[in-house]
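So you can see what is in the structure, the chains are spelled out below.
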Amino acid sequence: MFAGIFQSIFKVFSYVWWLVIPAILFFIFWDLWLAYLKLKFFKSIKWTILHIKIPEDVLKTPKAMEQVFAAVHSILDPPDFLEKYFKGKYQYWVSFEMVGQEKGIYFYCRTPERYRNLIESAIYAQYPGAEIAEVDDYIELTPKTLPNKTYDLWGWELSFLKEDGYPIRTYPYFEEAVEEKRLDPLSAIMETMSDLKEGEKIWLQFLIKPVGDKWKKKAEELVAKLVGKKITAPRNIFDTILEFLRNLFFAPVEYPVWSEGGGDKEGPPNLILFLTPGEKEVVKEIEMKIAKIGFETAIRFIYIDKSAAFSRANAAAVLGAFRQFNSQNLNGFKPRKKTITKAKGLLKNLRTIWKKKTLYRFYRERFIPKAVQILNTEELATIYHFPTKMVEAPMVYRIEAKKGEPPAGLPIES
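Novice: Please set out the overall build of the protein chain residue by residue, giving values where relevant.
Specialist: Broken down by element type, the protein chain carries eleven helices and twelve strands. Every one of the 414 residues in the protein chain was classed for burial, and the buried ones make up 43%. In the protein chain, the share of contacts with a sequence separation of at least 24, taken over all contacts with a separation of at least 6, comes to 85%. Of the roughly 24,700 Å² of accessible surface on the protein chain, 60% is carried by carbon and sulfur atoms.

The following block contains the structure:
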């Protein structure tokens, strides 16, 4: 039986091989060609590392950082067909980073050089007392490959618990009308970074790439599903062909029926009046999230320490700090399983080392993965902003004195 099936397949293939093989080779070549163009484009980008020194007393809430991210969204410039498939161009992204070590806590931004003025202007507009300087990449102070005989590492990338449309808990939740009662969402992370001993490092990387409105449409479909609205499924050419063939086949026995604007799928009756207060709150929060502009975001964490004294306690503390943004009815963060630097089963030691080396290499290259989540400006400002004066972590690197211009009319000796 199986021999007959294989013979039939081989016979059919013998007739069409001259069509199938060139098509397969074309798609393989096309993928390799696109990969080559993208690599060439990536290498042509000139990057710069900016060290952001924050003022001694930051009185502004994360709302100020939200305005910074809103300005960064202006780099949105998706490539057209020719740019994408013949030049390898893709959307630029920016990396905001927090670095903790025994000497202090530092804030960096890695950006394409063409957008340096935009980044600096956006930050100065909200934090006039800040100082920004181009510096060498701090990553170059560590070995190019880790782990090694001296140092070990632990890390992961974060992902959402639910769909992108569900928001995380954001900074308004932590705020109070009375300033003394306000909480800074970064307090826990800053405290963990302040307790690092010699040789320990905590690196947090927030890779953000602005996106258009396509993600909002999915969130709107989610809202429609939650409230029971009628959902309209978009029609494509295949739907039209199938409808035509069906009407043609059944025409002798049934009058043809054609869709008008087509593909409407009747959902259940609108249930908005029957939702519980908690369900209405979820719908409200989703609609508030999609009201603001969004970024494809990858959050990468690495903890480095000497192998002899290595402990994952600080890594657990950072993960615990991110859990404060989680809520049962909305969204939250969890480590993406494939990126956790731990393996089980066959050859687990070799696979663990490979995962550590891969995560470390991706961090060094600021590689933005395909698996990302959508955060709006408010969510980004919650998890990355310059700590306010309420954060008493002693190792936060701040500017101790303000620079100023000399007073007008100051006599100058000739």
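Continuing now.
Novice: Now, about the packing of helix H6 (residues 214–227) against helix H8 (residues 277–290): what can you tell me, with residues and values included?
Specialist: Relative to each other, H6 and H8 sit at 165°, their axes nearing to 10 Å. For the element pair H6 / H8, the angle class is roughly antiparallel. Considering only the axes of H6 and H8, their crossing is left-handed. Between H6 and H8, the residues in contact are Trp215, Lys216, Ala219, Glu220, Leu222, Val223, Leu226 and Val227 and Val282, Val283, Ile286, Glu287, Lys289 and Ile290, respectively. Classifying every residue of the contact of H6 with H8 gives ten nonpolar, no polar and four charged.

Novice: Run through the confidence of the model for the protein chain, naming residues and quoting values.
Specialist: Looking at the protein chain as a whole, its pLDDT mean stands at 85, while 77% of the residues score no less than 70. This model gives residues 262–266 a pLDDT under 50, and the stretch forms 13 contacts once residues within four places in sequence are excluded.

Novice: Could you give an account of a nonpolar patch on the surface, with specific residues and numbers?
Specialist: Together, Ile21, Ile24, Leu25, Ile28 and Leu32 make up a nonpolar patch on the protein surface, roughly 470 Å² of accessible area in all. One can find Leu32 in helix H1 (residues 2–44).

Novice: Give a description of the environment of Pro369 that names residues and reports values.
Specialist: As for its position among the elements, Pro369 is in the loop between helix H10 (348–365) and strand S11 (373–376). Along the backbone, Pro369 and Glu157 are 212 residues apart, and their C-alpha atoms lie at a distance of 9.7 Å.

Novice: Summarise a positive patch on the surface; cite the residues concerned and give the values.
Specialist: A cluster of basic residues, Lys38, Lys84, Lys214, Lys217, Lys218 and Lys370, forms a positive patch at the surface. Element by element, the count of residues in the positive patch is highest for H6, at three residues. Looking at where Lys218 falls in the secondary structure, it is placed in helix H6.

Novice: Describe the nonpolar core, and please don't skip the residues or the numbers.
Specialist: Ranked by size, the top nonpolar core spans 65 residues in total, and within it Phe322 and Phe333 carry the most contacts. If near-sequence neighbours (up to four positions away) are discounted, Phe333 is found in contact with Leu158, Ser159, Phe160, Leu161, Ile168, Ile299, Phe322, Arg323, Phe325, Asn326, Leu375 and Ile383.

Novice: Quick one: what's the story with unusual backbone geometry, residue by residue and with numbers?
Specialist: Among all residues save glycine, negative phi is the norm, and among peptide bonds the norm is trans. The step from Leu146 to Pro147 runs through a cis peptide bond, and the omega angle for that step is 0°. Tracing the sequence through the fold places Pro147 in the loop between strand S4 (131–135) and strand S5 (151–160).

Novice: Report on the environment of Met65, specifying residues and quantitative values.
Specialist: For Met65, the location among the structural elements is in helix H2 (residues 63–72). Among the residues examined, Met65 registers a relative accessible area of 0% and is labelled buried. A sequence separation of 57 residues divides Met65 from Ala122, and the C-alpha atoms of the two residues are 9.0 Å apart. In contact with Met65, other than residues within four places in its own chain, are Phe96, Tyr127, Ala381, Tyr384, His385 and Phe386.

Novice: For the packing of aromatic side chains, give the residues involved together with the corresponding values.
Specialist: Aromatic ring pairs: the centre-centre distance and the angle between the two ring planes describe each pair. The final tally for this structure, using the stated rule, is 32 aromatic pairs. With centroids separated by 6.1 Å and ring planes inclined at 25°, the aromatic side chains of Trp30 and Tyr85 adopt a geometry described as stacked. One end of the pair, Trp30, is in helix H1; the other, Tyr85, is in helix H3 (residues 81–86), and 55 residues separate them in sequence. Owing to a relative accessible area of 24%, Tyr85 belongs among the partly exposed residues under this scheme. Linked through ring pairs, Phe41, Phe42, Trp47, Tyr90, Tyr92, Trp93 and Tyr115 together constitute an aromatic cluster. Here the basic side chain of Arg110 rests over the ring of Trp47, its NZ or CZ set 4.0 Å away from the ring centre. Looking at Arg169, its charged tip hangs above the ring of Tyr173, at a distance of 4.2 Å from the centre.

Parameters and conventions
- Residues numbered from 1 in each chain as written.
- Predicted model: local features only at pLDDT ≥ 70, side-chain atom pairs only at ≥ 80, totals over all residues.
- Heavy atoms only, no water.
- Helix = DSSP H or I, 4+ residues; strand = E, 2+ residues; numbered from the N terminus.
- Buried < 20%, exposed > 50% of the residue type's maximum accessible area, 1.4 Å probe, protein only.
- Contact = heavy atoms within 4.5 Å.
- Areas by Shrake-Rupley, 256 points an atom, 1.4 Å probe, with all protein chains shown as cover.
- Axes fitted to C-alpha atoms, helices over the stretch in contact; angles between N-to-C directions.
- Parallel < 35°, antiparallel > 145°, perpendicular 65-115°, else oblique.
- Left-handed = near helix turned anticlockwise from the far one by under 90°.
- Nonpolar A, V, L, I, M, F, W, Y, C, P; charged D, E, K, R; others polar.
- pLDDT = per-residue confidence, 0-100.
- Patch = residues over 30% accessible without salt bridge, like charges linked within 9 Å, V, L, I, M, F, W, Y side chains within 5 Å.
- Salt bridge = Lys/Arg side-chain N within 4 Å of Asp/Glu carboxyl O.
- Lys, Arg positive; Asp, Glu negative; His and termini not counted.
- Charge placed at Lys NZ, Arg CZ, Asp CG, Glu CD.
- Core = buried A, V, L, I, M, F, W, Y, C linked by side-chain atoms within 4.5 Å.
- Phe/Tyr/Trp six-rings, centres within 6.5 Å; stacked < 30°, edge-to-face > 60°.
- Lys NZ or Arg CZ within 6 Å of the ring centre and 35° of its normal.

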